[in-house]
Amino acid sequence: TIFEVLTSEASYQRSLSLALDHFQNSRKLSDCLDITHKHTLFSNLPAVRDVSYRFLQDLEEALDRDVFLSDIGDLIQRHCPEFHRVYIPYVTNQMYQENLMQKLVCNTALSLLQFFPLISRGRILLKHGELVRIFFQEMGIGHRHRLSAKPVYIHLFSDLLMLSRMEYGRFLVEDYASKGQVKADDFKAKPLGLPELTFLLRLRPNHAGVNCECILKANCETEKQHWISLIGAR
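Computed from a prediction, not measured in an experiment: that's the story for all the values here.

Caption draft 1: Focus on unusual backbone geometry. Note that the residue after Arg 204, namely Pro 205, is joined by a cis bond; omega there is -5°. Along the chain, Pro 205 falls in the loop between strand 7 (198-203) and strand 8 (212-217). Unlike most non-glycine residues, Ser 43 shows phi in positive territory, near 45°. Examined against the element boundaries, Ser 43 turns out to sit in the loop between helix 3 (35-42) and helix 4 (45-65). A residue is classified by how much of its surface remains accessible, and Ser 43, at 18% relative accessible area, is buried.

Okay, structure coming up:
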């Protein structure tokens, strides 16, 4: 239990930093939001991160002194006033954040805002980036198929994988599946007439209960292997 306190606090600190450094400081996101909306979405997150960071530092220093963290109760109690100071307004604002997120969701498409809970401690963003999705185009009897490609953006969370496209400065989710239902396989691309650096992504099943596969192309071999490794990790 003591070890879980330490590891979960470290994970929480990374999530807070991602929310602030990547999303709050995003120029594209700022262009879509007015000052009031931005304040509602991010509330007092900087103060929450500062308190969390100091708590994590004290935890790590205590671990260096005593691997069993025998004084963890006193340490947590010492930080309680700071927890109360920042978390009461933070939690109070949650209702307004959720209402605003619903208003910001696009038309019939799913928005990334639906899937990235700024307040959740359980979901961690493991990797994200743009890849190329390869499609086969049938050319009719007697003709070889032709390949086409389009960019696709991948968000890999600790419990979820999403495939999105960028449109009007925001991500529109095209497909997603729980991480436990997703697999990535390497294969020899050249004999199949496919570009190098491609790998197979399988969603079995996806959010709609349908098994689907897609061929993705990375920018380099290192990136390809990193995606395959992270997707396959359990």
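Caption draft 2: Structural detail: the nonpolar core. Counting residues in hydrophobic clusters, the biggest one holds 30 residues, and the most contacted among them are Leu 41, Leu 45, Val 48 and Leu 59. The set of elements that each furnish at least two residues to this core consists of helix 1 (2-24), helix 3, helix 4, helix 5 (72-92), helix 6 (94-104) and strand 4 (160-167). Within the second largest apolar cluster, 19 residues are counted, among which are Val 152, Phe 199, Ala 218 and Trp 227.

Criteria and cut-off values
- Residues numbered from 1 in each chain as written.
- Predicted model: local features only at pLDDT ≥ 70, side-chain atom pairs only at ≥ 80, totals over all residues.
- Heavy atoms only, no water.
- Helix = DSSP H or I, 4+ residues; strand = E, 2+ residues; numbered from the N terminus.
- Buried < 20%, exposed > 50% of the residue type's maximum accessible area, 1.4 Å probe, protein only.
- Core = buried A, V, L, I, M, F, W, Y, C linked by side-chain atoms within 4.5 Å.

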